[in-house]
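Residues per chain, in single letters:
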Amino acid sequence: MVHAVYPGSFDPLHNGHLDVIKRAGRIFGKLTVAVLHNAEKPHTLFDVEERVALVRAATEGLAHVEVATFGGLLVDFCRRVEAPVIVKGLRAISDFETELQQAHLNRQMHPGVETCFVMTATRWSYVSSTRVKEIARLGADVTKLVPRASLAALDARFGDAKAARGRG
Ligand code: PNS
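Thoughts on the packing of helix α5 (residues 129-137) against helix α6 (residues 148-167)
Phase 1 of the analysis: The interhelical angle for the contact between α5 and α6, taken along N-to-C directions, is 40 degrees, at an axis separation of 8 Å. What the angle tells us is that α5 and α6 run oblique. Where α5 abuts α6, its residues V132, K133, A136 and R137 lie against L154, F158 and A161.
Phase 2 of the analysis: A class-by-class count of the residues in the contact of α5 with α6 yields five nonpolar, no polar and two charged.

Considerations on empty space enclosed by the protein
Phase 1 of the analysis: Following the criterion strictly, the structure yields one cavity of 30 Å³ or more and no others.
Phase 2 of the analysis: Approximately 50 Å³ is the volume attributed to the largest cavity.
Phase 3 of the analysis: Lining the largest cavity are A136, G139, A140, V142, L154, D155, F158 and K162.

Concerning the pairing of strand β4 (residues 85-90)
Phase 1 of the analysis: Counting buried positions along β4 gives six out of six residues, so the element sits mostly inside the fold.
Phase 2 of the analysis: The side-chain alternation of β4 yields two buried faces, one formed by V85, V87 and G89 and the other by I86, K88 and L90.
Phase 3 of the analysis: Looking at chain direction, strand β1 (residues 3-8) and β4 are connected through two bridges and run parallel. Bridged to A4 within β4 is V85.
Phase 4 of the analysis: The handedness of the β4 to strand β5 (residues 114-119) crossover, carried by helix α4 (residues 93-109), is right-handed.

Rules of the game
- Residues numbered from 1 in each chain as written.
- Predicted model: local features only at pLDDT ≥ 70, side-chain atom pairs only at ≥ 80, totals over all residues.
- Heavy atoms only, no water.
- Axes fitted to C-alpha atoms, helices over the stretch in contact; angles between N-to-C directions.
- Helix = DSSP H or I, 4+ residues; strand = E, 2+ residues; numbered from the N terminus.
- Parallel < 35°, antiparallel > 145°, perpendicular 65-115°, else oblique.
- Contact = heavy atoms within 4.5 Å.
- Nonpolar A, V, L, I, M, F, W, Y, C, P; charged D, E, K, R; others polar.
- 1 Å grid on protein atoms, 1.4 Å probe; cavity = no way out; pocket = protein on both sides within 12 Å on 5 of 7 lines; lining within 4 Å.
- Points joined across faces, edges and corners; volume = space filled by probe spheres on them.
- Buried < 20%, exposed > 50% of the residue type's maximum accessible area, 1.4 Å probe, protein only.
- Pairing = 2+ DSSP bridges.
- Right-handed = clockwise from strand over helix to strand, strands pointing away.

Now the structure itself:
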C-alpha cells in the first residue's frame, strides 16, 4: 500500500482540489490531505480548524482519504507519517515552474520522496482559492466552483455582499 500526501492551504477547498483528491485516492492505498498551519501563511481567510472541517465535510465517505494538519517542512511531515509520495495538482503551465522547483527541492531534502502530479480536470483548470474568495467577497455566486460546505462557509463570511449585489 503506497501512502501519499496531498498538501495545500485549502483556503477554502474548491472543486479542483476535490477532483485531485478523488483521483489520487483511487491510485494510492492511502491519501492524507495535509492542511498547512497558519504560521506558514498567516493571512488565510479561514483558520486551520475551519479549513480542515471543510476538507473533512467534502471527503466524508471517500475510502482511504484522511485529513491532517502540518506546519514546518512538508518533507518532515512526509517522514513523520511515512509517506513516500507527495501529490500535487497541475492546472496549467503557470503552475509548472513553481511545482517543479518544489519537487526538486523536496527531493533534495528527502531523497526518499517522489512528487506525483495529477492534471486537474479541464473543467476546474481555471479555479483557484484566491479567485473563489475574490468573487465571493465581491458578492457573486461561486456555487459551481466549490463543494457545499465551502459554499456555506463563504456565504457566512460574504453573504451580505451577495445580498447587496442581488439588490443592486
Ligand atoms: O495550496 P498552496 O498554498 O499552494 O500549498 C503550498 C504548500 C503548502 C504545498 C507549500 O507551501 C509547502 O509545501 N509548504 C510547506 C513548507 C515547505 O516545505 N517549504 C519548502 C517547499 S520546497
